[in-house]
Amino acid sequence: MTDGGLLSDPERFTQVRSPLGRARGLPAECYTDPGFRAAELSRVFAASWNLVGRLDELPTPGDYRAIHTAFGSVLLLRGEDGVLRAFANTCRHRGTRLAEGAGNAAALVCLRHGWTYGLDGRLTAAPGIAAHGFTPGDYGLTALPTAHWQGFLFIGIEPPAEDPETAFHDLSALLGSHRLGQMVCVHRVERRIACDWKLAVENGVEEYRAGTAPNTTRARLASLGPAYGAMVQDGVGAALAEDAMALPPIPGLSAPGRRASYVAALFPSTILHCTRDCAWWLSAQPDGPGACRVTLGACVPASSATEADFEARIAPYRRRWDAALEADVAIMEKRQAGLSGCGAGGSGAGGPFAPSEILVHRFANWLLDRVLVGSA
Ligand code: FES
């Protein structure tokens, strides 16, 4: 691992480790250093539960989606038994990628030589193969661990023993009346951004922007757990500014929930927003040096999605989500450009935290807890 000494020099991170009032941000090299990035892939993403979407996005046996992750392309596939599984999107014969995009299939057939996989990942046909000792049962797709929380799907390579249900226990209580598990996904876009994945996370929890960015108001810390942090913005309960066509409030939502918005960072790389009528999330996955791929998804109560005028009512939400993403992309790419510039070297760019940047500080330390293991 080539890290120019960054990982093996814990003193570079002493100030990040300090209490918020005395702390400094991550050194600029953390956003550009190849060794640091390699450690993130193996010690953070492969070793975490990564949110990759909603269970209801692939409701029918045979539904599949190929997704980008930090550890390569992953195939999500709903089996005949109704179970949504995750596999490495790689043929077991010579490694050809099996699927692109999303769709529905009776089986997954490799275009190269026709190896065929059932909806449970088992190899069902290997044309022309009669090798001595060949056992099809040994060549099923490589399965990855999965877990669920509130209708969201998580995957990993060697994820923690503590599943999201346990890790987010207190967050489940905070957001209980939002009934996230009973929502349906109504919007999903993906795009590649020219910035390190951490900038997408920091951007999502940077309450310090409030007051300088349009349409933001002060938030306060609502809940902290070992794998998440959540803020609440009181008095800002709606996803849209006053709009006669706004979706109805979430059925059964608590009185405080109707008057507030919640923003939670689900480590490592998902930001979840919950308002009185919907929820949306942004997940980032590394995609090479100085780049990541983000997925923006949104969901609403099933009862809202079945209203006759739903398409007309959801249209302004979609425009808002997409416009906000575009505005954030511009900011994140400028940050990456600055971090890669001549003024960001050494300890540059690791400036102090505002009190309102508590989740940025928390995220930096959560990350270092994992990246630095065994490096010093
Ligand atoms: S690489 Fe897939 S069948 Fe040969």
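The rules behind these values
- Within every chain, residues take consecutive numbers counted from 1 along the sequence as written.
- Thresholds applied to this predicted model are a pLDDT of at least 70 for local features of residues and 80 or more for the giving and counting of side-chain atom pairs; totals over whole chains, interfaces and linings are not thresholded and use all residues.
- Helix and strand definitions here come from DSSP, where helices need a minimum of 4 consecutive H or I residues and strands a minimum of 2 consecutive E residues; each element is numbered from the N-terminal end.
- As a reference, a globule follows 2.2 Å times the number of residues to the power 0.38, and the radius of gyration itself is taken over C-alpha atoms.
- For the exposure call, what matters is how many other C-beta atoms sit within 10 Å of a residue's own: 20 or more marks it buried, 12 or fewer exposed, and in between partly exposed, using C-beta atoms placed from the backbone.
- Residue pairs are scored as contacts if the distance between their C-beta atoms, which are placed from the backbone, is within 7 Å.
- To obtain an axis, a line is fitted to C-alpha atoms, over the contacting stretch when the element is a helix, and the angle between two such axes runs from 0 to 180 degrees between their N-to-C directions.
- Angles below 35 degrees are treated as roughly parallel, those above 145 as roughly antiparallel, those between 65 and 115 as roughly perpendicular, and all remaining angles as oblique.
- For any helix crossing, the convention is left-handed if the near helix is rotated counterclockwise from the far helix by under a right angle, and right-handed if that rotation is clockwise.
- In short, DSSP must find at least two bridges between two strands for them to pair.
- Domain boundaries shown here were taken from an automatic or database domain assignment.
- Note that Gly is not counted as nonpolar here; it falls among the polar residues with everything else outside the nonpolar set of Ala, Val, Leu, Ile, Met, Phe, Trp, Tyr, Cys and Pro and the charged set of Asp, Glu, Lys and Arg.
- Any nonpolar core is a set of buried residues, restricted to Ala, Val, Leu, Ile, Met, Phe, Trp, Tyr and Cys, that join up through C-beta atoms within 7 Å.

Some points on the overall build of the chain
Thinking step 1. The secondary structure content of the chain amounts to eight helices and 18 strands.
Thinking step 2. Whereas a compact globule of 376 residues would reach a radius of gyration of roughly 21 Å, the chain reaches 22 Å, a difference of no more than 12%.
Thinking step 3. Counting only C-alpha atoms, the chain reaches 65 × 60 × 35 Å along its principal axes.
Thinking step 4. Burial status across the chain gives 39% buried among its 376 residues.
Thinking step 5. When contacts within the chain are restricted to residue pairs at least 6 apart in sequence, long-range pairs at least 24 apart make up 68% of them.

Considering the packing of helix α4 (residues 197-205) against helix α8 (residues 358-371)
Thinking step 1. Orientation of α4 relative to α8, taken along the N-to-C sense of each, is 150°, at an axis distance of 8 Å. Classed by the angle they form, the pair α4 and α8 counts as roughly antiparallel. The two elements α4 and α8 cross, and the hand of that crossing is right-handed. Counted together, Val201, Glu202 and Val205 of α4 and Leu359, Val360 and Phe363 of α8 form the full contact between these two elements.

Overview of the sheet that holds strand β3 (residues 72-78)
Thinking step 1. If you trace the five strands from one edge of the open sheet to the other, you get β5-β2-β3-β4-β9, paired in antiparallel fashion. Every interior strand has two partners, whereas the edge strands, β5 (102-104) and β9 (143-144), have only one.
Thinking step 2. Alignment of strand β4 (residues 84-88) against β9, held across two bridges, turns out to be antiparallel. Paired with Ala86 across the bridge in β9 is Leu144.

A closer look at the domain arrangement of the chain
A common way to express how large an interface is: the accessible area buried when the components associate.
Thinking step 1. When cut into domains, the chain gives domain 1 (10-50 + 163-371) and domain 2 (55-147).
Thinking step 2. The interface is formed by 13 residues belonging to domain 1 together with seven residues belonging to domain 2.
Thinking step 3. For the side of domain 1 that touches domain 2, the elements supplying multiple residues, two or more each, are α1 (34-45), β12 (183-193) and β17 (279-286).
Thinking step 4. Residues that form the side of domain 1 that touches domain 2 fall into these classes: eight nonpolar, two polar and three charged.

Regarding the environment of Ala47
Thinking step 1. Its place among the elements puts Ala47 in the loop between α1 and β1 (50-54).
Thinking step 2. A count of 16 C-beta atoms within 10 Å places Ala47 in the partly exposed class.
Thinking step 3. Between the alpha carbons of Ala47 and Ile157 there is a distance of 6.2 Å; along the sequence they are 110 residues apart.

Section: the sheet that holds strand β6 (residues 108-109)
For sheets, the rule is that strands pair by backbone hydrogen bonds, running either parallel or antiparallel.
Thinking step 1. The antiparallel open sheet is built from three strands, whose spatial order is β6-β7-β8. If you trace the sheet from one side to the other, it starts and ends with β6 and β8 (123-125), each paired once.
Thinking step 2. Of the strand pairs in this sheet, β6 and strand β7 (residues 116-117) are connected by two bridges, and their pairing is antiparallel. Paired with Val109 across the two strands is Thr116, which belongs to β7.

Some remarks on the pairing of strand β10 (residues 146-149)
Thinking step 1. Across four bridges, β10 lies against strand β11 (residues 152-155) in antiparallel orientation. The residue bridging Trp149 from the neighbouring strand is Phe152, located in β11.
Thinking step 2. If you look at the hairpin formed by β10 and β11, you'll find two residues sitting between the two strands, and Gln150 has a positive phi there, around 50°.

Things to note about the packing of α1 against α8
Thinking step 1. Where α1 meets α8, the closest approach of the two axes is 9 Å, and the angle between their N-to-C directions is 85°. In terms of orientation, α1 lies roughly perpendicular with respect to α8. Contact with α1, carried on its side by Phe36, Ala39, Glu40, Arg43 and Val44, involves Leu367, Arg370 and Val371 of α8 and no other residues of that element.
Thinking step 2. Its residues placed into classes, the contact of α1 with α8 shows five nonpolar, no polar and three charged.

A short note on the nonpolar core
Thinking step 1. Of all hydrophobic cores here, the largest spans 96 residues; its most connected members are Leu76, Ala200, Ala264, Ala265, Cys278, Ala279 and Phe363.
Thinking step 2. In terms of residue count, α8 provides more of this core than any other element does, seven residues in total.
Thinking step 3. Both of domain 1 (10-50 + 163-371) and domain 2 (55-147) provide at least three residues apiece to this core.
Thinking step 4. Once you skip the residues sitting within four places of it in the chain, Ala279 turns out to touch His178, Leu180, Met183, Leu272, His273, Cys274, Ala298 and Cys299.

Quick notes on the pairing of β17
Thinking step 1. Counting buried positions along β17 gives eight out of eight residues, so the element sits mostly inside the fold.
Thinking step 2. Burial along β17 is two-sided: Ala279, Trp281, Ser283 and Gln285 facing one way and Trp280, Leu282, Ala284 and Pro286 facing the other are all buried.
Thinking step 3. Relative to β17, strand β16 (residues 270-274) runs antiparallel, the two being bridged by five bridges. Opposite Leu272, over in β17, you have Trp281 as the bridge partner.
Thinking step 4. Where β16 folds back on β17, the antiparallel hairpin that results is connected by four residues.
Thinking step 5. Bridge analysis of β17 against strand β18 (residues 292-301) gives eight bridges, and the strand direction is antiparallel.

A look at unusual backbone geometry
Thinking step 1. Residue Pro268 is reached from Phe267 by a cis peptide bond, and omega for that bond is 15°.
Thinking step 2. The residue Pro268 is located in the loop between β15 (260-266) and β16 in this model.
Thinking step 3. Look at Gln150: it is not a glycine, yet its phi comes out positive at around 50°.
Thinking step 4. With respect to the helices and strands, the residue Gln150 is situated in the loop between β10 and β11.
Thinking step 5. According to the C-beta neighbour criterion, Gln150 is buried, with 22 such atoms within 10 Å.
Thinking step 6. Of note, Arg179 is a non-glycine position whose phi angle comes to about 50°, a positive value.
Thinking step 7. Positionally, Arg179 belongs in the loop between α3 (169-174) and β12.
Thinking step 8. A residue is classified by how many C-beta atoms lie within 10 Å of it, and Arg179, with 17 of them, is partly exposed.

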